[in-house]
Structures are given as C-alpha cells and as structure tokens.
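Examination of the molecular architecture
The residues making up each chain are set out below.
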Amino acid sequence: MMDSENHTTEEHLHPHPLSSSNDELENLNLHENNEHDSLLSTKSYSNYRSVMSTLSDSHNHPLSSPSFVSSADSDPLLSPPQHYREFTNPNSSDTSSYIDPPSYADAIFTSFDGETSSNGVDTPTRSSSDGIFFSRSSSSSEFLKITVSNPVKEQENSNSIVPGSSSYVTYLITTRTNIPEFGGSEFGVRRRFKDIVTLSDRLSEAYRGFFIPPRPDKSIVESQVMQKQEFVEQRRVALEKYLRRLADHPVIRKSDEFRVFLQVQGKLPLPTTTDVASRVLDGAAKLPKQLMGESLIAPSEVVQPAKGGRDLLRLFKELKQSMSNDWGGSKPLVVEEDKEFLAKKERVHELEQQINSASQQAESLVKAQQDMGETMGELGLAFIKLTKFENEEAVLDSQRVRAADMKGVATAAVKASRLFRELNSQTVKHLDTLHEYLGLMLAVHSAFTDRTSALLTVQTLLSELSSLQSRAEKLEAASSKIFGGDKTRSRKLEELQETIRATEDAKNVAIREYERIKENNRSELERLDRERQADFLNMLKGFVVNQVGYAEKIANVWTKVVEDTSGYAKEST
Amino acid sequence: MVTFEGMEQQRSSSGASLSPRSPSSSQPFLSVSVSDPVKLGNGVQAYISYRVITKTNFPEYQGPEKIVIRRYSDFVWLRDRLFEKYKGIFIPPIPEKSAVEKFRFSAEFIEMRRQALDVFVNRIASHHELRQSEDLRTFLQAEEETMERLRSHETGIFKKPSDLMQIFKDVQSKVSDVVLGKEKPVEESDAEYEKLKRYIFELENHLAEAQKHAYRLVKRHRELGQSLSDFGKAVKLLGASEGNALGKAFSELGMKSEILSVKLQKEAQELLMSFEEPLKDYVRAVQSIKATIAERANAFRRQCELAETMKLKEINLDKLMLIRSDKVAEAEREYHELKAESEQATKTFETIVKLMNEEIGRFQEQKTLDMGIAFHEFAKGQARLANGIADAWRSLLPKLEACSSSQ
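Computed from a prediction, not measured in an experiment: that's the story for all the values here.

Topic: the pattern of salt bridges
All names here are of chain B. By the definition in use, this model includes 63 salt bridges over all chains. Between arginine 123 and aspartate 370 there is a salt bridge; the shortest N-O distance is 3.0 Å. Of this pair, arginine 123 sits in helix 3 (residues 107–126) while aspartate 370 sits in helix 9 (residues 328–394), and the two are 247 residues apart along the sequence. Note on arginine 123: relative accessible area 5%, which makes it buried.

Details of the interface of chain B and chain A
Size of an interface: often given as the accessible area lost when the parts come together. Tallying the contact residues gives 67 residues for chain B and 71 residues for chain A. In total, about 6200 Å² of surface goes out of reach between chain B and chain A, with carbon and sulfur atoms giving 72% of it. Counting the surface chain B buries against chain A, the share from its top three residues, B:Phe231, B:Phe375 and B:His376, is 10%. At the surface where chain B touches chain A, the tally comes to 6 salt bridges. Close ionic contact of A:Asp371 with B:Arg220 constitutes a salt bridge, the shortest N to O distance being 3.8 Å. At the boundary of chain B and chain A, one finds 16 residue pairs in polar contact (both at pLDDT 80 or more). If you list the elements that add at least two residues to the side of chain B that touches chain A, you get helix 1 (2–13), helix 7 (191–242), helix 8 (244–323), helix 9 and helix 10 (397–405) of chain B.

Quick look at the packing of aromatic side chains
Scanning the model with the defined rule gives 20 aromatic pairs over all chains in all. Between the aromatic rings of A:Phe536 and B:Phe250, the centroid separation amounts to 5.6 Å while the plane-to-plane angle is 85°, which identifies the pairing as edge-to-face. Placement of A:Phe536 in helix 16 (residues 487–564) and of B:Phe250 in helix 8 is noted, with the two residues assigned to different chains. B:Phe250 shares its class with A:Phe536; the two are buried. Geometrically, the ring pair formed by B:Phe58 and B:Tyr61 is edge-to-face, given 6.0 Å between the ring centres and 65° between the ring planes. Comparing B:Phe58 with B:Tyr61, the two get one shared label, buried. Above the ring of B:Tyr47, the side-chain terminus of B:Arg71 is found at 3.7 Å from the ring centroid.

Here we look at the side chain of B:Glu276
Residue and element names in this part refer to chain B. Within the fold, glutamate 276 resides in helix 8. An unpaired buried charge is present at glutamate 276: no salt bridge exists, and lysine 280, the closest side chain of opposite charge, is 4.1 Å distant. Every residue in contact with glutamate 276, bar those within four places of it in the chain, is listed here: Gln211, Ala214, Tyr215, Val218 and Leu271.

What counts, and where the lines are drawn
Residues numbered from 1 in each chain as written. Chains lettered and ligands numbered in written order. Predicted model: local features only at pLDDT ≥ 70, side-chain atom pairs only at ≥ 80, totals over all residues. Heavy atoms only, no water. Salt bridge = Lys/Arg side-chain N within 4 Å of Asp/Glu carboxyl O. Helix = DSSP H or I, 4+ residues; strand = E, 2+ residues; numbered from the N terminus. Buried < 20%, exposed > 50% of the residue type's maximum accessible area, 1.4 Å probe, protein only. Contact = heavy atoms within 4.5 Å. Buried area = accessible area lost by both parts, 1.4 Å probe. Polar contact = N/O pair within 3.5 Å; in protein donor to acceptor, adjacent residues only side chain to side chain. Phe/Tyr/Trp six-rings, centres within 6.5 Å; stacked < 30°, edge-to-face > 60°. Lys NZ or Arg CZ within 6 Å of the ring centre and 35° of its normal. Lys, Arg positive; Asp, Glu negative; His and termini not counted.

Here you go:
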C-alpha cells in the first residue's frame, strides 16, 4: 500500500540538499522502527545520502489535493543545519526524541525550510511510508520507482472514411529499478490511457483473488476537455498514483503484464480488452479460455453467472445435500470455510464503512482548520491596516502606543495563520491514508467477486457433472435390459462418458482455480491487515506529531504577545 | 488620571464579584456593579432584569450602599438623558438591542449584555463630569416604580433606540455629506476639527472590519470544535472495528479529539467576550462620537442662525427707534431675548468644543487601555488553547509508540 519505493527524484536539484535530507532524517527518526536505527547510526554522509536518494520527494505530490497545496510561500523561519545537528544523535532512543518539548516543533518545522509546498507536503508520509517499507519489504534493497510525465498530444492515424484524425495524449512512463527480472535499471516508454485500461483488465484476469488497486476512471468528456491542461495534469497524477500502487503490490510488481507495460517499446503487446468475448461478465466466462485451451466448449459458458451470494448459497446447499455421500469429509470443510469467509467479508464491509465515515470527517476537519487559518490571516491584515492608519493619523501618544500594541497582535495573527495553513497541508497528507484505503476497498470487493464467481463455476460444473452422470446411469440401465445392445444407445453412452470425462477435468481445473483464488484472498487479506495496521498507525503518529509541533509553534507566537502586553494584565490576575 | 485608575478598579470588580469593592480611603468614590440577570415576565413581554449595586460616599446620594433592579430600557433612558444634557461629552455606548428573538435569552447573550452594561455604568461613574449627573443618581437610586414612570413618560426626542438610530443616521448623512463636500451649509472652518472628523469616520470603517473578522474567528473556533468532535466519534468507531492495539490507538485519538472539541468551544466563548466584544464596544464608542459631532454641528448651526437673526433684529430695532414707533419696546424686548438666546447658543457651542477637545484625549487613552487588555486576553486565550492542544496530543504519543513496538 505504500508508495515507499516510488519516489521520483527531483527534476532539479534540491535548493538545500542538506535541508531536504534533514526533513527526511528527522521524520525518519521519528517514525521509523527501532530495528532500522542501524541505517541512521552511521554518521557518514555518503551512507545517509544513499538512503536519502530513495526517499527524495516527487515534484508533485500525487496524494495532496491541489486546493490544499499552499502557494509556494516558503517562509523559512529557522535555518536547517541547526536542526540537523540536533537530531542526528543516533544514540537517543526514538521515544526521547518525541517527548522532549521543543523537538517536534522544530522537527516538523524544518519541513518547510525553503522548500516548495509540495516538497514539504511530501515529506512526512513519504518517510513514514519508508519506515513501513523498510520493515515490510522482503529485501530492503529492492526498489521500483515509477514516474509519469511529459504529456504529449499525438494524432491517431485514421483509416476510417470519416475525415479528420482523432488525437490522444501519451505520457512518458519512466521506471527506475534494481529488480533483476526487468533486465535494466532505467527505462521509459510512452503509453496512452487506453493502454492503462488494457493493463488493468489483463491484471484482473490474471490475478483473480488479489487485491489489485483500481485504475483511474475513464472520463466521458468532450475531446476538447480531454486536451485541457488541467484535465491532462489530473490524469497524469492519477496514472502515476495507480502505477505506484501497482509497484507496491508484492506480487503484481513482478507480473509479466506489468513488466511488459513498463518496458516494451512501441505498441503495448497485451491483448486489448475488445479481443475477449465478454469482458463485462465475471470470471466464469473467461475461465474456460484460461484453463482448458480453446478447443473445448466449457459447460460453464452456457450457464448464467449467479448474481449475488444468495443464489450461490442455495446452489451450494443443494449440492451439499446431493454430494455429501460422494464427497465425504471434504464437503463440510468447504461449507465452514465459506462461513469464515462470509464473516471476514462482513468485517471488511464494516471496516470500509468506518473508514468511509472517518475519511469524511477528516475532510471536514481539514476544511475547518483551513478556515481557521484564513480567518486568522484576515484578522491580522485588518489589524495591520488599522495600525498603519493610527500611525499615520496619530495626534496623541496614546494612539501610537495602541498602534504598537496592535502591530504585535497583527503580526502574531498573520504568523499563526501561516502556521495553520502549513499544519493543514500536512494533515491532508496524513489523513489521506484513509482515502487511499477506501480506494483499496474496491480492489477487495473485486477480489471477493473473483472468488464467488470461481466457486460458482465449480458449482455449475458439479451440478452439470451430476446430471450427466445420472443420465449416463439411466442410459446404462436402459441398455442393459436389452440383450445384444443397442448400437445407438451405446454410442450415445460412449459420447456421454466422453463428455463426463471432459467435465470431470474441467471440474478439477475449476476446483484448483477456486482453491487458488481462495488462497490469494487469504494471503491478501493477511497482507491487507498487516499493511493497514502499519499504515494507519503511521498515519496516527504522523497526524499527532504534526498537531503537537504546530500547536507548540502557535503557542510560542502568542506567548510572545502575552508577554509584550503583560502591562495590561488585570490586577485580579 | 484618576479616571483610568477608577476604571481599572471597577473593571476588576465588575463581573467577577457581585458587589463593588469598598475602598478604604475617604476620597470621593462611586462604585457600581451590574449583576444577577434574571428573566422576568412571560411570553413576548419577557425581559431580563439586572441587579445594580452602588457603593458611594458622595453626599448627594442617599446612603453608602444602594441596590436597585433595572432593565435594559432603563439603561437606554440613562444614556438618552446624558446625551441630551452633556453635549460635547462622548457618552459611553450601550450594547445594541438584540435583533434575533431566539438569541435574546441565551446564556451567552445575557452574560455579554450584562458585562457591557456593567462597563457602561462604570464608565459613567468614573467620568469626572458625568458622575455628577442627577439622572445618574436617579438611575442608581430611584425605586422601580419611579423608574418605570420616567421610562414610559420619556418626553425627550429620543424615545427609543431606533429613533435615536434614525436621527443619528440623518445627522450622520448630513455630516458625512459635509465632510465629503457635497453640501454647503453652515459649517466650521476649523482645519484640525475637519481632520478629526475624517479620522473618526475612517476609524469606524477599519474597526468595523476588524470586528467582523473577530466575530468570524469566533465562529471558526466553534466550527473547528464541532468537526473535531465529529472526527473523534468516527475515529472511535473505526477503532472499535479494528480491535487490538491499533483499535485502542484509534479510540484514544477519538477521545482526545472530543476533549479538544470542548476546549475549542470554551475558547470560542472567551474570544467572544474578551476580544470581539471590546472591538464591538470600540465601534459603538466611535459611533457615539459621531453623534456628538452631529450635536456640535447642530450647535454651530444654531449659533450662526441666531447670530444672523439677532443682527436682523438689531437692524430692525434701529429702524424702529429711528421712526419712534410704539413697537420699539416690544422689539427691544424681543431683541434682548434673542441676544440672550444667541449668547446661550454660543456658550453651548463653545462648551461643546472645549469638552470635545478634552474628550478626545480621554477617549484615545481609554481605548489604548481597553484594547491593550483585549489584546492581552486574546493572546492569552490563543496561547492557552494552543498549549492545551499540544498537551492533549502529546500525551497520546507514548501510547502510539507502544502500539508500533508491539507490531
């Protein structure tokens, strides 16, 4: 789930290489697991640099919504190097760096030193996810970084009678990796959105049961809109996000389809969606081609896939009855598992609901924080105007004193306003994890559907088999009554038995497929749980540390004003 | 200046305690407090009454201590009387009548109003001229029935605040027209005074804007509080779904969110009372000055008119004396009457001018003090809130750490 490895390097050098590294370092220090302190303990800069190079920020953070990325009003309030020295003490435990009061304020604070907002915005989640990445990846040296850039309008060669060629946009997909299967370390291809759709469809066929990240939506808009800068940019961001998620998935990242998509120049050598007979139908229809080769007409093709779980259960129950004798002990097992599966499904559904509502509330929290910052800023500006006015018009000293007092408040309000905005863009990033998981839920549903349809295929084949067998029995019984045999009948019987054998094979294949998908579901659920725990925990930590840091900063700003105006403190206090 | 010390004393005693402090010295003192709002009456007739406690050693007063019950319209009466009698002095403003019916009896509104009325009376009681007022004595001492009679038999031009507002508006438009150079009526040619008028008008605009943002800021605090509360609830539910260590972490986060929500609501109220209200008060004070400016313009016009009329009468008188008319006596009498009136009008005008000059200085000093206190309280509140937020979130961190190490 983490975009850990997929940071793109900055297209231009960091203005302060040390400072951005500092951000990473400090945040790493705060968020990382203890086991990876070794990475930080080496004081040599070169070691650190190599670690950092995997963590460099992308130019445009895919997660932050544009409205929250504050305009590049970099307002470096403190110089980075001081903080770097403060925090590169590897011997201090993680907890102590949390608890010391000035620490977070400074730590969070340096995220903004001289950086553009997107950089600052990037940092915490990146490094927090990097923390996860380090603890999660099997070999911590594997990485797969994908960038989507450089949208270019291209003309389609039109062979149709209709005059005028349609145009489309291609994007440059750059990959950097050290995974050996790719046979290269850096390469780029041009792909259009249609190619993404193809990739997505092929993956969902090939990796049934896996939680495959959903691709960006197709947009039904006018061609004029399609070419607008904003739309293209939105799409570029969405594509990058999608590809990075794919690269995060431990199984999919190694898939042929993905590799081919990333690497093969020219036309994408994957069968396009229109080649498949019915792409709308579930796996039952596609299964035959996958499983049995093209010569056999699978019985499942004639069967309409059942909609929803209820039909399935009914079928299943009926089958259970008729098959319990034949299948013996294995049948009850399937039932039980199904119950367990249903329970899990229910839990996932409930989780989804909670995540959804938390995500919505997170959005309104972010909006409220933003409004607060805005109004505080407006108040500050109003007081600045008032201060200027009083100073210009001052006739009496009391006016000048008031103007001075007011200026202090105005400056503080403007500072606080800025801090609120920064706090908010960070909050957006952290809480965005919730949104990400909502997106993932779609993938989960899809994977569960794969399982359901696979089971249905099994059911169908089982029932088909059953009816074929009873027909055969009847035929046998009938022909045994006639001495000498009935040539037609015996021929029919032979054919029937041929079909039965084929159906048996199909059934076995279907069962294997079902088991495979079940296993995929299971391992994916496990992975989901594991990753979600880690990601949510990091989200919480990030969110909380962020809040603390900024609250401290804001408190400092106002405390100064309290001191400056202490002369007015009421006698009773 | 004595006024400000008096102000300070009364400020600290008002609101927090129920009755004014009794000073130890034998210096003349007049100390007032407005407290204990109580809802009386039913339905549409319902109103809030306040307890007004006076402590004084002024000889004109009935005794060292007096407690009376007053309602909002009594304060309005007092203000109107003072405005009529003490032209030239910036009469302290009173809080507006509430436009929204529903809000009229909310606890926050009542407290805000009580505070504002307390400040109003205390400002009068600490003004070296106004504190001598007979109307003030009446207000502070008269029986409720007397007060009611006076209130309803008010024959002055300013019967209701709305009337007052209307007249202000008319005068205001006239004065601003003059300032803007639209009309060419009789006007003073004092350059410094012109500057002052311009200053006052512009100041009102600036202040109104600041007050508007201050009010919005209060709203933002409430909104943030609400969203934190909702967020907290949602997160708690998520925690329940998750279970185990992570679930606990979520629950804790949710709880902290809710705690902070309460803090924010509290701070919103504080902000309203100790920052937004003083700003509003400042705006009202400036509007009161504008009313005085209008009064001064009226007085000037009257003085000029009478001077003109007197001249004409003088000419007429001379004429009559020349022709030895029998109307001379009457004309002479009229002339002398007019002369007295004219002199009175001049004196009135000059008093206003003199008073205004003093008042401006007093006003500026008072406002610097008032705003200084308001700024201090504002900053204190914001620092308090921010520290509270930091502390609440910080306390979560060890728990979060524990969760991740158990992963």
